[in-house]
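Each chain, letter by letter, is given below.
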Amino acid sequence: KLKSPMENIKIETTEMHTGGEPLRIVEKGYPKIEGSTILEKRRYAKEKLDHIRRFLMFEPRGHYDMYGAILVEPDVPEADIAVLFMHNEGYSTMCGHAVIALGRYAVDKKMVISTPPETAVNIQCPCGLVSVMVHQDGSVRFRSVSAFLFKKDVEIDVVGYGKKKVDISYGGAFYAFIDASEFGHCVKTSRNRDLVDIADAVSDAVKDQVTLSHPDSPDLAYLYGTILTDGKDLYSDTPTANICVFADRQVDRCPTGSGVTARIALQYAKNLIQLNQTRTFESGVNGSTFSGKAVEVTKCGQFDGVRVEVAGKGHYSGTASFVLEADDPISYGFLVK
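Under an unreviewed UniProt entry, the name given to the protein chain is trans-L-3-hydroxyproline dehydratase, and the organism recorded is Owenia fusiformis. Here is the UniProt Sequence similarities (unreviewed entry) comment for the protein chain, exactly as written: "Belongs to the proline racemase family." The annotation that UniProt attaches to the protein chain under Catalytic activity (unreviewed entry) is "trans-3-hydroxy-L-proline = 1-pyrroline-2-carboxylate + H2O".

If you want it as C-alpha cells, here you go:
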C-alpha cells in the first residue's frame, strides 16, 4: 500500500480535446506553484508537486496517454495567461494542441476581451510567448517561438534496427524525425505498438548519442520525442501524415502542434517548402488534421529559423471534479503499459 501524500483534496477541471488528443485543464484546487519565472514554476511543480500530476494524469482518474494543463501567473507583461503542460512522464516546454484548446477556452471564459471576428490571446509557455488568434467559430491559429532545424541527416545506431539517419528539429520542443518506411512500416496502416517500439528506440538512440543545446536555456535542451512520417516532406497540396511518440512512449492522437512547427522548420531549411505555402498534416492515429505554414524568417541564437503558424480547433468534452480520500491506498495513481 502507498501512503497518501494528500488528504481529502478536490481538483476541478474542464476537459477538452484537439484532434482527439485530450487536455485536462485544471481550474480549481491545485496548490500554489512557486517561482518568479515560468521555468522556475516548471521546476517547482516537478520537484514539489509531482504527486499531484500523477494524481490527475494516471489511472484511475486518467490513463497512460492523458495530457493536462495548469494555468499559472505570467511573468511577462505581454501574456494574457501562462501555462504548464503535463503528461505521463513530466512537464513539456510546448504543446500546440493544448495552445489551440486553451485559446478557445480563454475567450469562452472571458480571460480576454473578445474582438470578433478574431480575438488575440497571448499565452506564455515554458518555451516562450505564443501568439494565438481565436476565430468566433472557435477555430484557432497560433504562432509559436522561433523554430529551427538543429541537425539534419544525423546518423545514429538504433538498437534492434541498425544505423539510421534522422533530422532533429525544434518547434518549442526538440523532436527527431524519420520516415517510417525506413523500418518497413507505414504511419497510417502499421500496428500502433510497432510504431511506438520504433519511435522509442530512435528516441533512446538520439538521447544517448546526440547532445542537444538551445540558445535560450538549458532547460529547453532535451529530446521530447520522435515523429515518424510518411516521408512526404516536399511541398504538396495533399496531406502528409505522421505519428508522434513522446515522453514515456505516449502517443499523440492529433498531428502534434509543436511537431508540425518543427517539421515545417526542417522542410523550410531543406528548401522543400517556401514561406506562406500551407500544408495539411494528418494524424496517423485517427486522421485528424492541422494546417501549417512558415510565415517569417527568424534567428534563434546561431540558428536560422522560421515562425510557423499552425491552425486547428479544440472541442469541449466535459467537466470533472476529482477527489482523494485519505485512506485510498493507490492515491498516487498507477499506469498500465
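Trainee: Now, about the overall build of the protein chain: what can you tell me, with residues and values included?
Mentor: A count of helices and strands for the protein chain gives five helices and 17 strands. Here the protein chain has a C-alpha radius of gyration of 19 Å; the compact-globule value for 337 residues is 20 Å, and the two agree. Taking the principal axes of its C-alpha atoms as reference, the protein chain extends roughly 55 × 50 × 35 Å. Within the protein chain, buried positions represent 55% of all 337 residues. Approximately 14100 Å² of the protein chain is accessible, and the part contributed by carbon and sulfur atoms is 47%. Across the protein chain, 39 positive and 44 negative side-chain charges occur, with their mean positions spaced 1 Å apart.

Trainee: Before we move on, could you go through the environment of alanine 199 and cite the residues and values that matter?
Mentor: Its location among the elements puts alanine 199 in helix H4 (residues 192-209). The buried category is assigned to alanine 199, whose relative accessible area is 0%. A sequence separation of 47 residues divides alanine 199 from phenylalanine 246, and the C-alpha atoms of the two residues are 8.6 Å apart. With residues near it in sequence (within four places) discarded, alanine 199 still touches Thr226, Leu228 and Val245.

Trainee: Can you lay out empty space enclosed by the protein for me, pointing to particular residues and giving the numbers?
Mentor: By the definition in use, this model includes one cavity of 30 Å³ or more. The calculated volume of the largest cavity comes to roughly 70 Å³. Around the largest cavity sit 13 residues that line it, and Cys95, His97, Tyr224, Asp252 and Thr256 are the ones nearest its centre. When contributions to the lining of the largest cavity are tallied by element, the ones reaching two or more residues are helix H3 (96-108) and helix H5 (257-269). Split into classes, the residues belonging to the lining of the largest cavity amount to six nonpolar, five polar and two charged.

Trainee: Could you give an account of the side chain of serine 203, with specific residues and numbers?
Mentor: As for its placement among the helices and strands, serine 203 is situated in helix H4. If we skip the residues at most four places from it in the chain, serine 203 touches Leu223, Gly225 and Thr226.

Trainee: Any chance you could break down the pattern of salt bridges for me, citing the residues and the numbers?
Mentor: With the rule as written, the count across this model stands at 22 salt bridges. Residue glutamate 27 pairs with lysine 109 through a salt bridge whose shortest N-O separation is 3.4 Å. On the criterion of sequence distance, the pair formed by glutamate 27 in strand E2 (residues 21-28) and lysine 109 in the loop between H3 and strand E6 (118-125) is long-range, its members being 82 residues apart. The exposure class assigned to glutamate 27 is partly exposed, which follows from its relative accessible area of 32%. The class of lysine 109 is partly exposed, set by a relative accessible area of 43%. Among the salt bridges present, the one from lysine 270 reaches aspartate 153, with a minimum N-O distance of 4.0 Å. Of the two residues, lysine 270 is situated in the loop between H5 and strand E15 (279-283) and aspartate 153 in strand E9 (residues 147-158); the sequence distance between them amounts to 117 residues. For aspartate 153, a relative accessible area of 44% corresponds to the partly exposed category.

Rules and cut-offs
- Residues numbered from 1 in each chain as written.
- Predicted model: local features only at pLDDT ≥ 70, side-chain atom pairs only at ≥ 80, totals over all residues.
- Heavy atoms only, no water.
- UniProt positions renumbered as here; feature names shortened; annotations may be inferred.
- Helix = DSSP H or I, 4+ residues; strand = E, 2+ residues; numbered from the N terminus.
- Rg over C-alpha atoms; globule rule 2.2 N^0.38 Å.
- Buried < 20%, exposed > 50% of the residue type's maximum accessible area, 1.4 Å probe, protein only.
- Areas by Shrake-Rupley, 256 points an atom, 1.4 Å probe, with all protein chains shown as cover.
- Lys, Arg positive; Asp, Glu negative; His and termini not counted.
- Charge placed at Lys NZ, Arg CZ, Asp CG, Glu CD.
- Contact = heavy atoms within 4.5 Å.
- 1 Å grid on protein atoms, 1.4 Å probe; cavity = no way out; pocket = protein on both sides within 12 Å on 5 of 7 lines; lining within 4 Å.
- Points joined across faces, edges and corners; volume = space filled by probe spheres on them.
- Nonpolar A, V, L, I, M, F, W, Y, C, P; charged D, E, K, R; others polar.
- Salt bridge = Lys/Arg side-chain N within 4 Å of Asp/Glu carboxyl O.

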